[in-house]
Amino acid sequence: MNNGLNHPLSTSKQPAPIGIFDSGVGGLTVLREIYRQLPNESVLYFGDTARLPYGARSPEEILYFVRQILTWMADRGVKMVMMACNTSSALALDQIQGDFPFPVLGLIRPGAQAAALRGKRIGVIATQATVASRAYTCAIQEIDSTCQVWEVGCPKFVPIVEQNRLRDSSTKVTAATYLQPLMAAEIDTLVYGCTHYPHLKSVLQAILPNAMQYIDPAISMVAAGAQELDALGLRSSLPAQATEFCVSGSAIEFANLAVRWLGHRPAVNQIYLPELAVRPKL
Ligand code: DGL
């Protein structure tokens, strides 16, 4: 019986999976988009839960983690990787381009394009590492130099999501504090610059004005991925296999948390990533 534990995606008759990765359950907001836009694609999901949050990591560490994950995914025979993590997209995508035998897509450019199309006064909420990189500001202003961008780091949001504290009253207070400078700037558009944050959608939307436009970069990244699969003749026409979930931390904790968004309790494997020769300065 196929219980999802025996690398079902790499059997020879099945089309290769798309690999997606995040530090934790943030990637589920991207997975949801893949299910919606690419229902025939099988997915290999990796959550680097032993090392989250990525937002507090240095650029060197993030680049090392991304290389490790992509090396493992290459070994697993993925046909494409969609980075389901803005921090990795901001700090590592340019550096690794061309190093792996499959296309690797990130969230920043598609998110910036969607934001620049819709808004003029754009707020970006993201991890501290993403904000420090100024990746969204640069990408948005490269597309439309008349757009104004305000980026706010929200370091408490990832622990809130990973510890399932969405409904705590303190979460509302935290969100209101983070959003305050964006409301003062009278933004018309908010970018979810971290894949964990759409999980906080109802909390954020209850605070912000009704007319606010919301950009989830996953929607545009997955659409770009679909186009690239077509261009490369890699789109699957067979029904998708069950998503294979792998994590670096506790499989049970990930399954307990993910059930809320997946609607079922997934089978999850704990895996150990290969060490690479080059280590970052920690
Ligand atoms: N969800 C990821 C992102 O989009 C990483 C969050 C974190 O681990 O800090 O940036």
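Residues numbered from 1 in each chain as written. Predicted model: local features only at pLDDT ≥ 70, side-chain atom pairs only at ≥ 80, totals over all residues. Heavy atoms only, no water.

Caption draft 1: Molecular detail of the sheet that holds strand 8 (residues 213–215). With parallel pairing, 4 strands are arranged side by side in an open sheet as 6-5-7-8. Taken across any chain shown, the strands that pair with only one partner, and hence form the sheet edges, are strand 6 (148–153) and strand 8. On average, each strand axis in the sheet is inclined to that of its neighbour by 20°, with strand direction left out of account. Sheet topology note: the strand 5 (residues 121–126)/strand 7 (residues 189–193) ladder contains 5 bridges and is parallel. Within the sheet, the bridge partner assigned to Ile122 lies in strand 7 and is Thr189. Packed on one face of the sheet, helix 6 (residues 135–143) meets strand 5, strand 6 and strand 7 and runs near 165° to strand 6. (Pairing = 2+ DSSP bridges. Helix = DSSP H or I, 4+ residues; strand = E, 2+ residues; numbered from the N terminus. Axes fitted to C-alpha atoms, helices over the stretch in contact; angles between N-to-C directions. Contact = heavy atoms within 4.5 Å.)

Caption draft 2: Just the sheet that holds strand 3 (residues 80–83), in detail. Sheet architecture is open: 6 strands sit in the order 4-3-1-2-9-10, paired in parallel fashion. Single-partner strands in this sheet number two, and they are strand 4 (104–105) and strand 10 (268–270). Lying over the sheet, helix 10 (residues 217–232) contacts strand 1 (18–22), strand 3 and strand 4, oriented at roughly 170° with respect to strand 3. Running at roughly 150° to strand 10, helix 11 (residues 251–262) makes contact with strand 2 (43–47), strand 9 (244–247) and strand 10 of the sheet.

Caption draft 3: Structural view of the pairing of strand 9. Neither face of strand 9 is exposed, since Glu244 and Cys246 on one face and Phe245 and Val247 on the opposite face are all buried. With 4 bridges joining them, strand 2 and strand 9 adopt parallel strand pairing. Counted as the bridge partner of Tyr45 is Phe245 from strand 9. For the crossover from strand 9 across helix 11 to strand 10, the handedness is right-handed. (Buried < 20%, exposed > 50% of the residue type's maximum accessible area, 1.4 Å probe, protein only. Right-handed = clockwise from strand over helix to strand, strands pointing away.)

Caption draft 4: Inspection of the pairing of strand 3 at higher detail. Covered by surrounding structure in strand 3 are Met80 and Met82 together with Val81 and Met83, the residues of both alternating faces. For strand 1 and strand 3, the ladder comprises 4 bridges, and the chain directions are parallel. By the bridge assignment for strand 3, Ile18 is matched with Met80. Pairing of strand 3 with strand 4, which is carried by 2 bridges, proceeds in the parallel orientation. Residue pairing in the sheet places Val81 in a bridge with Val104 of strand 4. Following the backbone out of strand 3, through helix 3 (residues 86–96) and into the adjacent parallel strand 4, one traces a crossover that is right-handed.

Caption draft 5: Unusual backbone geometry, seen in detail. Residue Pro53 is reached from Leu52 by a cis peptide bond, and omega for that bond is 0°. For Pro53, the position within the fold is in the loop between strand 2 and helix 2 (59–75). Even without glycine at this site, Arg134 takes up a positive phi of about 55°. Within the element layout of this structure, Arg134 appears in the loop between helix 5 (128–133) and helix 6. Although it is not a glycine, Asn164 sits at a positive phi angle of roughly 55°. With a relative accessible area of 39%, Asn164 lands in the partly exposed category.

Caption draft 6: Structural detail: the site of the ligand. Lining the immediate environment of the ligand, one finds 13 residues, of which Asp22, Ser23, Tyr54, Asn86 and Thr87 sit closest. The contact in question runs from a nitrogen atom of the ligand to an N or O atom on the side chain of Asp22, over 2.7 Å. Taking Asn86, its main chain carries an N or O atom lying 2.8 Å from an oxygen atom of the ligand. The protein chains hide 99% of the 300 Å² of surface that the ligand would expose on its own. Its residues assigned to classes, the shell around the ligand shows 5 nonpolar, 7 polar and 1 charged. (Near = heavy atom within 4 Å. Polar contact = N/O pair within 3.5 Å; in protein donor to acceptor, adjacent residues only side chain to side chain. Areas by Shrake-Rupley, 256 points an atom, 1.4 Å probe, with all protein chains shown as cover. Nonpolar A, V, L, I, M, F, W, Y, C, P; charged D, E, K, R; others polar.)

Caption draft 7: Looking closely at the packing of helix 1 (residues 27–37) against helix 10. Direction vectors running N to C along helix 1 and helix 10 enclose 45°, while the axes themselves pass 9 Å from each other. In this view, helix 1 runs oblique relative to helix 10, as classed from their interaxial angle. Judged by the sense of rotation from one axis to the other, the crossing of helix 1 with helix 10 is right-handed. Between helix 1 and helix 10, the residues in contact are Thr29, Val30, Glu33, Ile34, Arg36 and Gln37 and Ala218, Ile219, Met221, Val222 and Ala223, respectively. A per-class count over the contact of helix 1 with helix 10 returns 7 nonpolar, 2 polar and 2 charged. (Parallel < 35°, antiparallel > 145°, perpendicular 65-115°, else oblique. Left-handed = near helix turned anticlockwise from the far one by under 90°.)

Caption draft 8: Structural view of the packing of aromatic side chains. For the coordinates displayed, the defined rule picks out 9 aromatic pairs. Both rings, one in Phe46 and one in Trp72, keep their centres 5.5 Å apart while their planes meet at 55°; by these two values the pair is tilted. Of this pair, Phe46 sits in strand 2 while Trp72 sits in helix 2, and the two are 26 residues apart along the sequence. Judged by its relative accessible area of 0%, Phe46 falls in the buried class. Ring geometry for Phe245 against Phe254: centres 6.1 Å apart, planes inclined by 45°, an arrangement best described as tilted. You can call Phe245 buried: its relative accessible area is 3%. An aromatic cluster of three or more residues is present, and its members are Tyr45, Phe245 and Phe254. One residue, Arg51, lies across the ring of Phe65, its end atom 3.8 Å from the ring centre. (Phe/Tyr/Trp six-rings, centres within 6.5 Å; stacked < 30°, edge-to-face > 60°. Lys NZ or Arg CZ within 6 Å of the ring centre and 35° of its normal.)

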